[in-house]
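Geometric and topological summary
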Amino acid sequence: QVQLVESGGGLVQAGGSLRLSCAASGLTFSSFNMGWFRQAPGKEREFVAGIDTSGGSTDYSDSVRGRFIISRDNAKNTVFLQLNSLKPEDTAVYYCTAGYRVIRIHVPGAYHFWGQGTQVTVSS
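Bear in mind that the values here come from a model prediction, so they are computed numbers and not experimental data.

The strand order across the open sheet built from four strands is S1-S3-S8-S7, with neighbouring strands paired in antiparallel fashion. Every interior strand has two partners, whereas the edge strands, strand S1 (3–7) and strand S7 (68–73), have only one. On average, each strand axis in the sheet is tilted by 15° relative to the strand beside it, whichever way the strands run. In the sheet, S7 pairs with strand S8 (residues 78–83) via six bridges, with the strands oriented antiparallel.

Our next topic: the state of the cysteines. A complete count under the given rule lists one disulfide for this structure. Note that Cys22 is cross-linked by a disulfide to Cys96, the S-S spacing being 2.1 Å. Disulfide Cys22-Cys96: the torsion about the S-S bond is -75°, which places it as left-handed. On the criterion of sequence distance, the pair formed by Cys22 in strand S3 (residues 18–25) and Cys96 in strand S9 (residues 92–100) is long-range, its members being 74 residues apart. For the pair formed by Cys22 and Cys96, the shared burial category is buried.

Turning next to the nonpolar core. Among soluble globular proteins, nonpolar side chains are generally buried collectively. Counting 29 residues, the largest nonpolar core has Met34, Trp36, Val79, Leu81 and Tyr94 as its most contacted members. Mapped onto this core, the elements with two or more residues apiece are S3, strand S4 (32–39), strand S5 (46–51), S7, S8, S9 and strand S11 (118–123). Every residue in contact with Val79, bar those within four places of it in the chain, is listed here: Leu20, Ser21, Cys22, Phe29, Met34, Trp36, Ile51, Ile70, Ser71, Arg72 and Cys96. Listed in part, the five residues of the second largest apolar core include Phe47, Val102, Ile105 and Tyr111.

This part covers the side chain of Thr118. Here Thr118 lies in strand S11. When its relative accessible area of 10% is taken as the criterion, Thr118 is described as buried. Within polar-contact distance, the side chain of Thr118 engages the backbone nitrogen of Gly9 at 3.3 Å. Once residues within four sequence positions are removed from consideration, Thr118 is found in contact with Glu6, Ser7, Gly8, Gly9, Leu20, Ala92, Val93 and Tyr94.

Relative to the elements of secondary structure, Ser124 occurs in the segment after S11. With 110 residues separating them along the chain, Ser124 and Ala14 place their C-alpha atoms 5.3 Å apart. Excluding residues that lie within four positions of it along the chain, Ser124 makes contacts with Ala14 and Pro88.

In this section: the pattern of salt bridges. Under the defined criterion, the tally for this structure stands at five salt bridges. Notably, a salt bridge pairs Arg65 with Asp62, separated by 2.6 Å at the nearest N-O pair. Residue Asp62 is classed as exposed on the basis of its relative accessible area, which comes to 67%. Notably, a salt bridge pairs Asp90 with Arg67, separated by 2.8 Å at the nearest N-O pair. Pair noted here: Asp90 is in the loop between S8 and S9 and Arg67 is in the loop between strand S6 (58–60) and S7, with a separation of 23 residues, a long-range link. Because the salt bridges share partners, they merge into one network encompassing Arg38, Glu46, Arg67 and Asp90.

Conventions used here
Residues numbered from 1 in each chain as written. Predicted model: local features only at pLDDT ≥ 70, side-chain atom pairs only at ≥ 80, totals over all residues. Heavy atoms only, no water. Pairing = 2+ DSSP bridges. Helix = DSSP H or I, 4+ residues; strand = E, 2+ residues; numbered from the N terminus. Axes fitted to C-alpha atoms, helices over the stretch in contact; angles between N-to-C directions. Disulfide = S-S within 2.5 Å. Buried < 20%, exposed > 50% of the residue type's maximum accessible area, 1.4 Å probe, protein only. Core = buried A, V, L, I, M, F, W, Y, C linked by side-chain atoms within 4.5 Å. Contact = heavy atoms within 4.5 Å. Polar contact = N/O pair within 3.5 Å; in protein donor to acceptor, adjacent residues only side chain to side chain. Salt bridge = Lys/Arg side-chain N within 4 Å of Asp/Glu carboxyl O.

All quantities given are derived from atomic positions and should not be read as evidence of function.
What follows is the structure, given as structure tokens:
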């Protein structure tokens, strides 16, 4: 069965950095688009970043572009999200997701598998 396991969340001060990892198993990792979404209390799940199968194409939400970097290592079946210049409004549960032949990368329903999430809390 497919498993996506996130790690690397935690508590950090504003302006700090974190690196999230998502280890995938049970799927042909290199065939899947990968993405990161986040959900804050009382808010809908929102797109953060996406990366294509080869890692050659990435996309970001306007709120994180220039601060976050998504990358992947197909040899290790892992996708990463580097979070820099963190702000209190980045506080949320961050979810890793995998999708096969995803077109609408910003839409949660376009993805097929989800991790359990990792909490990121940014203090002011």
